[in-house]
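Structural overview for review
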Amino acid sequence: MEIDPLPNGSGSAAATPAETAATTTAPSPASNTTTASKLSQLTESLKLEHQFLRVPFEHYRKTIRANQRTVEKEVSAVISSVTDVADSNELSKADAVLNLTSLVCRLQGLKRKLEEGSRTENLQAQRCRARLDHLESMDAENLSEWNNVRLKRILVDYMLRMSYYDTAVKLAESSNIQDLVDIDVFQEAKKVIDALRNQEVGPALAWCIDNKSRLKKSKSKFEFHLRLQEFIELVRAENHMRAILYARKHLAPWGATYMKELQRVTATLAFRSNTECAKYKVLFEPKQWDFLVDQFKQEFCRLHGMTLEPLLNIYLQAGLSALKTPYCYQDDCTKEDPLSQESFQKLALPLPYSKQHHSKLVCYITKELMDTENPPQVLPNGYVYSTKALKEMAEKNNGKITCPRTGLVCNYSDLVKAYIS
Amino acid sequence: MELNTIKDAFDRVAKRQKLSCKSQEVVEQVGHEIEQALAKIETTNDPLSPGDLKSILTELKLKLNTSGPLHQLEGLQKENNTNLSKYPKLLDKAFNPDISKAYRNVDFDFHIVNQIIASHFYRQGLFDLGDCLINEAGEPEDIVIRSHFLEMYQILEALKVKNLEPALKWITANREKLMQTGSSLELKLHRLQFMEIVQKGSKADALKYARTYLAPFASLHMNEFLKLVVCIVWVGKLDSCPHAELMAPTRWEDFTEELTQQFCSLVGQSCHSPLSVAIAAGIEALPTLLKLANVMAAKKQEWLAMKHLPVPLELGKEFQFHSIFVCPVSRDQGSEENPPMLMPCLHVLCKQSIMKLSKSSSRSFKCPYCPSEASAGQCRQLHF
Ligand SMILES: [Zn+2]
Ligand SMILES: [Zn+2]
């Protein structure tokens, strides 16, 4: 809270520089600074929206790359076919016509594919723009509506990451924010996750191949772990010969980097799936598949420019740290404080308490902040309430004040103002 | 924030659409060359000598390899790739590239989070969504909260079409409890209804309503009662009624808000969604937390073990739920053991600071903020 002017006006005693700076009591500069700080706060909060722009862009970039690759591959295939035809020596006219016609068809197919691809690109570019426009649309007037939408975006993000797709889609559609959330990006993830939950690695492996270069760049072990799991399944099925062949083909290439892990898993050949040895037993447990799902989610988020944690968790944790005080865990914590609720208290348990450099006093009666405009007043029993609340009480009761916490009755004239910096 | 620069940068990327047209042109061109060769082969009169066939095909092969469609495609892609890699770098610079930097990797029980979200939906009347989440996540249903909010939602929906029936039913059923909190909702409800009747223009109806429903409030709220009854005089010419505030256009919204507040407090719920409040606080706090995490990047362990944040996260007034006293001398936060004390000059310090200044209450001391003298015995404890 801001410091009050000193009671006797003689500010001869030293106030620390911080307090002197805080002694701005004139209302107009104060409100100017609040709008200015409000504005800088808005800017700061916009800067948190990295993922909001990055994810659709990564999606867009992926489509562009895929389209590029298709053209390149097809055109070079056609040209090399032409070269083959031209270089072959005993080709009949009919064969030549047949060959060339099929190439023309192939190119027409490519053209259709390109048109389709460029439509997708257009849609995704539009989405990127819609997000930029949405960020730009935030201003002081529509703030509460904008914040509402932000909360919904954060919730959809949470649901998509938790694989609550139906709820995510429902929320996005009912709020008409489909362009502002990444449901389509997660459709791709859903296929892989569903398969992993059914203990199938196929789609996950296909995804790894699709994203080979980027996974390699981030030194991902995900594909290796998928291969290990497939190997374990062969051992479980007592398919030892195939397991060995599989290891030679798919595991050996990873040996140079991950020898220890490789050795541990191949050792299961000797132990079988009913082993009691804890080190190997765990490899056969179904929760290994859950690990794969988790690992996939992490890789997927990284690749799409998302935070690894749901946005909801990040914001919630920051908010709880900022709100957490020792008082929250007492019975008289106001209901309006999220931390008065058991569920929020539990979530906040491992988080640090907030810190204050200056007193912040809230009136017990009105729950409003006590400041220069509404200064704190002290009853003879040492209980403190806001001037606003006490004045109102006095007006209603012929100048009498009743302390709501102790029942003490006194006159309004018995009160003294406290000066708290 | 320079969103414009980012938009421009994106437009440069999206120029790609032109590039993709160009690559389509390349494909067309290749097709065209092949078709021309085909036409030549087919239109040449039979019998086409193997040499002629060979030369047509060789010509085609040379054309495709020298006009360099592949080369063209490569050029297009190069141009494209530069822009594609520039844009994310710009985003990294303009935005906070990793907002999870300050995140503590603690177990965040998602069952609790799911329950919180479901109640958040119920509170907004989004029962479908809440149920959908509960089903999909396989969480147990919180029937109590759901039914509370269902009741509230029905009351509020009725209010939207100016139907006060469900509200009145609820107020009557909870009259005792509402009285205890000093609520005047019932009077306010009848006031709303009465003013509707007054505005419809029937003096007799208005009088009848006043007699039946307003009269019981006359003893407790005399002023208000008189103010209402006098409006009957102005039926038909309400423009000149001195109590225009009774017809304020926001009166229905005001009533709705007050009812929502009292409903929530009566069923032990907060009036605002705690999830919205916590997230809004998080959005205000996160920028500072991220800066702090950056500064402490080298001391990750310390950061994770911290029991108190080292710096304050300045939140708006709306997030201030507790009185926190910080001693201006020691900067310590007030507590039961170390409470705030009022000095005779009306400045406030914490007990420990006063003990220090008074050398354990052995002598009087000068207030650090004004010239007055005080002794420890003159100081008294404050309760906020
Ligand atoms: Zn609290
Ligand atoms: Zn003093």
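Here the structure is a predicted model, which is why all the values come from computation and not from measurement.

Turning our eyes to something else, we now look at the interface of chain A and chain B. With 140 residues of chain A at the interface, the matching set in chain B holds 134 residues. Both faces considered, chain A and chain B share a buried interface measuring about 12400 Å² in area, 67% of it formed by carbon and sulfur atoms. At the boundary of chain A with chain B, the tally comes to seven salt bridges. D133 of chain A serves as the salt-bridge partner of K7 of chain B, at 2.8 Å between the closest nitrogen and oxygen. Taken together, the links from chain A to chain B amount to 33 residue pairs in polar contact (both at pLDDT 80 or more). With 23 residues, the single largest contributor to the side of chain A that touches chain B is helix α4 (residues 93-136) of chain A.

Along the chain, S270 of chain B turns up in the loop between α13 (251-266) and α14 (274-295). The buried category is assigned to S270 of chain B, whose relative accessible area is 1%. If we skip the residues at most four places from it in the chain, S270 of chain B touches K335, E336 and Q341 of chain A together with R123 and C264 of chain B. Here the side chain of S270 of chain B touches H272 of chain B through a polar contact of 2.7 Å, landing on its backbone oxygen.

Coordination sphere of the zinc ion (ligand 2), protein contribution only: C345 of chain B (SG), H347 of chain B (ND1), C367 of chain B (SG) and C370 of chain B (SG), at 2.1 to 2.3 Å. The site at the zinc ion (ligand 2) holds four donor atoms, and with the angles between them running 106 to 112°, its shape is tetrahedral.

Another aspect to go through is the sheet that holds strand β5 (residues 380-381) of chain B. All names here are of chain B. An order of β2-β1-β5 is seen for the three strands of this open sheet, with the pairing classed as antiparallel. Bordering the open sheet on either side are β2 (348-350) and β5, each of which pairs with just one other strand. Here strand β1 (residues 340-342) pairs with β2 via three bridges, running antiparallel. Its bridge partner being in β2, M341 is matched across the sheet by L349.

Take the domain arrangement of chain A next. Along its sequence, chain A is carved into domain 1 (52-86 + 96-136), domain 2 (186-303), domain 3 (311-348) and domain 4 (362-417). One C-alpha centre belongs to domain 1 of chain A, the other to domain 2 of chain A; they are set 32 Å apart.

Using the residue numbers shown here, the UniProt feature "domain: CTLH" (unreviewed entry) corresponds to residues 148-205 of chain B. For the annotated span residues 148-205 of chain B, helix accounts for 81% and strand for 0% of the residues, and the straight-line distance between the end C-alpha atoms is 35 Å.

As annotated by UniProt and renumbered to match this structure, "domain: RING-Gid-type" (unreviewed entry) occupies residues 333-406 of chain A. Annotated as residues 333-406 of chain A, this span is 23% helix and 18% strand, and its ends, taken at the C-alpha atoms, are 18 Å apart.

Time to look at the domain arrangement of chain B. Examined at the domain level, chain B breaks down into domain 1 (3-95), domain 2 (141-267) and domain 3 (322-383). Here the C-alpha centroids of domain 2 of chain B and domain 3 of chain B sit 49 Å apart.

All names here are of chain A. Across all of its chains, the model carries 10 cavities of 30 Å³ or more by this definition. Counted as a void, the largest cavity has a volume near 150 Å³. Lining of the largest cavity is provided by 17 residues; of these, Q51, F52, D157, D182 and L311 occupy positions nearest its centre. Breaking the lining of the largest cavity down by element, the ones donating at least two residues are α3 (50-87), α5 (143-161) and α16 (311-323). It is α5 that provides the largest number of residues to the lining of the largest cavity, a total of five residues. For the lining of the largest cavity, the per-class residue count stands at 11 nonpolar, one polar and five charged.

Time to look at the packing of helix α10 (residues 222-236) of chain A against helix α15 (residues 287-303) of chain A. All names here are of chain A. With their axes 10 Å apart at the nearest point, α10 and α15 run at an angle of 160° to one another. With respect to α15, the element α10 is oriented roughly antiparallel. Every pair of crossing elements has a handedness; the one defined by α10 and α15 is left-handed. Of the residues in α15, those in contact with F222, H225, L226, Q229 and E233 of α10 are Q288, W289, L292, Q295, F296 and E299. Here the residues of the contact of α10 with α15 sort into five nonpolar, four polar and two charged.

Right, let's talk about the sheet that holds strand β3 (residues 376-378) of chain A for a bit. Hydrogen bonds between backbone groups are what pair the strands of a sheet, and the pairing can be parallel or antiparallel. Residues and elements named next belong to chain A. The three strands lie next to each other as β4-β3-β7, forming an open sheet whose pairing is antiparallel. A single partner strand is all that each edge strand has here, and the edge strands are β4 (384-386) and β7 (416-417). Pairing analysis gives three bridges linking β3 to β4, with the strands arranged antiparallel. When the sheet's bridge partners are listed, P376 is paired in β4 with S386. Against the sheet, helix α18 (residues 387-396) contacts β3 and β4, and its axis sits at roughly 85° relative to β4.

Definitions and cut-offs
Residues numbered from 1 in each chain as written. Chains lettered and ligands numbered in written order. Predicted model: local features only at pLDDT ≥ 70, side-chain atom pairs only at ≥ 80, totals over all residues. Heavy atoms only, no water. Contact = heavy atoms within 4.5 Å. Buried area = accessible area lost by both parts, 1.4 Å probe. Salt bridge = Lys/Arg side-chain N within 4 Å of Asp/Glu carboxyl O. Polar contact = N/O pair within 3.5 Å; in protein donor to acceptor, adjacent residues only side chain to side chain. Helix = DSSP H or I, 4+ residues; strand = E, 2+ residues; numbered from the N terminus. Buried < 20%, exposed > 50% of the residue type's maximum accessible area, 1.4 Å probe, protein only. Donors = N, O, S within 2.8 Å, 3.2 Å for Na, K, Ca; no water. Tetrahedral: all angles 85-135°; square planar, octahedral: opposite > 155°, others 65-115°. Pairing = 2+ DSSP bridges. Domains from an automatic or database assignment. UniProt positions renumbered as here; feature names shortened; annotations may be inferred. 1 Å grid on protein atoms, 1.4 Å probe; cavity = no way out; pocket = protein on both sides within 12 Å on 5 of 7 lines; lining within 4 Å. Points joined across faces, edges and corners; volume = space filled by probe spheres on them. Nonpolar A, V, L, I, M, F, W, Y, C, P; charged D, E, K, R; others polar. Axes fitted to C-alpha atoms, helices over the stretch in contact; angles between N-to-C directions. Parallel < 35°, antiparallel > 145°, perpendicular 65-115°, else oblique. Left-handed = near helix turned anticlockwise from the far one by under 90°.

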